[in-house]
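The primary structure of each chain is shown beneath.
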Amino acid sequence: MALLRELGRGYQALCSYNCREAINILSSLPPPHYNTGWVLTHIGRAYFELAEYTQAERLFSEVRRIESYRVEGMEIYSTTLWHLQKDVALSALSKDLTDMDKNCPEAWCVAGNCFSLQREHDIAIKFFQRAIQVDPGFAYAYTLLGHEFVLTEELDRALACFRNAIRVNNRHYNAWYGLGMIYYKQEKFNLAEIHFKKALSVNPQSSVLLCHIGVVQHALKKSDTALETLNRAIGIDPKNPLCKFHRASILFANDKYKAALQELEELKQIVPKESLVYFLIGKVYKKLGQTHLALMNFSWAMDLDPKGANNQIKEAIDKRYLPEDEAADSQDSSIMTDADDTQLHTAESDDVL
């Protein structure tokens, strides 16, 4: 009974998205129980929710080693591999699962993620639709399908998918997040904030959700509130590059150039090869009248990413962060080519998700 109680406590903590607590509880189980597929899968899921994908991958790969027949949780493992850009491992996982059981939604979700990573979005969509077909009650498949429709700019179909996911599971925060992202893209900022906050009510420990709420609040001209929200996000995850980037961008938009520069210098230590960081540093130096430093940072940004295609932070510098003249300049820059929402936080992010 004591063992079942600890398992229950760990599972309850994970369902409440108290991921650190869940990891601590489940990791303290005796070795014969810890080294089981069920426990390791749930610890891996907890690390996944914390966006600690390397740790999550380590645990999921151990699950595959000791219980190669396990299907439960493999859709999360596949999304972990998607974030880590490990296409070979994802392809092997997809083949193993579809060969083993073609009637489980997890197998088709893994296959869909495999093709999504290869940017074969039409094929990925077919596989996610197949996952829904074999199990119409599998909420995660609707969410993955919704994100693919976002990538193909079919926003109405994406909205329908996220709403179906919520219909199946009202606490599926990824779907609430997906709806918020679509409304943000459509510049319906009030609706975006409502849906992001609904996602946050389910998963209150998510720094990524707080970050998106902060971005929306800034778009609604509530910059002070946005900075407070981003401070909360950074308090939860001090090294989240997405949060620090957006905080620096808002400081820049509010003419707080020295504070923005300090934030960006810290961010440069976390993601030293992210071109957007150097680009924004260049913008700050330009505003400070230090043209030589501005040109030097613009040059580094171009060297790191000449086509603007490999951005690891979720979004490019949004035009809403910049004064009107700067926004016009930024649209002409090759660094500013729309950082696609899929590049999510492949640094991560899910976006979260």
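Starting from 1, residues in each chain are numbered consecutively following that chain's sequence as written. In keeping with the predicted nature of the model, local features appear solely for residues at pLDDT of at least 70, side-chain atom pairs appear and are counted solely at 80 or more, and the whole-chain, interface and lining totals rest on all residues. By convention in this description, side-chain values take in all heavy atoms of the structure and omit both hydrogens and water.

- Under an unreviewed UniProt entry, the protein has the name Cell division cycle protein 27 homolog and belongs to Champsocephalus esox.
- UniProt positions are given in the numbering used here, feature names are shortened, and annotations may be inferred rather than shown by experiment. Comment text from UniProt for the protein, heading Sequence similarities (unreviewed entry), reads "Belongs to the APC3/CDC27 family."
- Under the heading Subcellular location (unreviewed entry), UniProt records this for the protein: "Nucleus".

**A short note on the overall build of the protein**
So, step 1. Comment: elements are numbered from the N terminus, with helices defined as DSSP H or I runs of at least four residues and strands as E runs of at least two. Scanning the protein from N- to C-terminus turns up 20 helices and zero strands.
So, step 2. In the protein, buried positions account for 56% of the 353 residues.
So, step 3. Reported accessibility uses the Shrake-Rupley method at a 1.4 Å probe radius. Residues are deemed covered only where the shown protein chains occlude them. Here the protein has roughly 15600 Å² of accessible surface; of this, 51% comes from carbon and sulfur atoms. Each residue gets one of three labels from its accessible area relative to the maximum for its type: buried under 20%, exposed over 50%, partly exposed in between, using a 1.4 Å probe on protein chains only.

**A look at the UniProt feature "repeat: TPR" (unreviewed entry) in the protein**
So, step 1. Taking the UniProt record as the reference, the feature "repeat: TPR" (unreviewed entry) is found at residues 105–138, 139–172, 173–206, 207–240 and 275–308.
So, step 2. Helix and strand shares over residues 105–138 are 79% and 0% respectively, and the end C-alpha atoms of the span are 7 Å apart.
So, step 3. What you have in residues 207–240 is 79% helix and 0% strand, and the ends, taken at the C-alpha atoms, are 8 Å apart.

**Considering the pattern of salt bridges**
So, step 1. The term salt bridge refers to a pairing of a side-chain nitrogen on Lys or Arg with a carboxyl oxygen on Asp or Glu at a separation within 4 Å. Counting across every chain of the model gives 17 salt bridges.
So, step 2. Across the pair E6 and R9 runs a salt bridge whose closest N-O atoms are separated by 2.9 Å. A residue pair is termed a helical-turn pair when its members lie 3 or 4 positions apart in one helix, as E6 and R9 do in helix α1 (residues 2–15) at three residues.
So, step 3. Judged by relative accessible area, E6 falls into the buried class, the value being 19%.
So, step 4. Given a relative accessible area of 37%, R9 falls into the partly exposed group.
So, step 5. Through salt bridges with shared partners, a single network forms among K244, R247, E263 and E266.

**Points about the packing of α1 against helix α4 (residues 37–49)**
So, step 1. Here an axis means a line fitted to C-alpha atoms, over the contact stretch when the element is a helix, while the angle between two N-to-C directions is reported on a 0 to 180 degree scale. For the pair α1 and α4, the least separation of the axes is 10 Å and the interaxial angle reads 30 degrees. Put simply, α1 runs roughly parallel to α4. Judged by the twist between their axes, the crossing of α1 over α4 is left-handed. Counting all contacts with α1, which are made through L7, Y11 and L14, the residues of α4 involved are W38, V39, H42, R45 and A46.
So, step 2. When residues are grouped by polarity, Ala, Val, Leu, Ile, Met, Phe, Trp, Tyr, Cys and Pro land in nonpolar, Asp, Glu, Lys and Arg in charged, and all others, Gly among them, in polar. Considered class by class, the residues forming the contact of α1 with α4 number six nonpolar, one polar and one charged. We call two directions roughly parallel when the angle between them is under 35 degrees, roughly antiparallel when it is over 145, roughly perpendicular when it lies between 65 and 115, and oblique otherwise. By definition, turning the near helix anticlockwise from the far helix through less than a right angle yields a left-handed crossing, and turning it clockwise yields a right-handed one. Whether two residues touch is decided by their heavy atoms; if any such pair falls within 4.5 Å, the residues are in contact.

**Re the packing of aromatic side chains**
Note on aromatic pairs: each is described by the distance of the centres and the angle between the planes.
So, step 1. Aromatic rings from Phe, Tyr and Trp, with only the six-membered ring used for Trp, were paired whenever their centres fell within 6.5 Å, and each pair was classed as stacked if the ring planes differed by under 30 degrees, edge-to-face if by over 60, and tilted otherwise. Counted by the stated rule, this structure contains eleven aromatic pairs.
So, step 2. A ring pair is formed by Y278 and W300, whose centres lie 5.9 Å apart and whose planes are at 85 degrees; its orientation type is edge-to-face. On the criterion of sequence distance, the pair formed by Y278 in helix α18 (residues 275–287) and W300 in helix α19 (residues 291–304) is long-range, its members being 22 residues apart.
So, step 3. Looking at Y278, the relative accessible area reads 10%, which means it is buried.
So, step 4. By relative accessible area, which is 36% here, W300 ends up partly exposed.
So, step 5. A connected cluster of aromatic rings, assembled from ring pairs, spans W108, F115 and F127.

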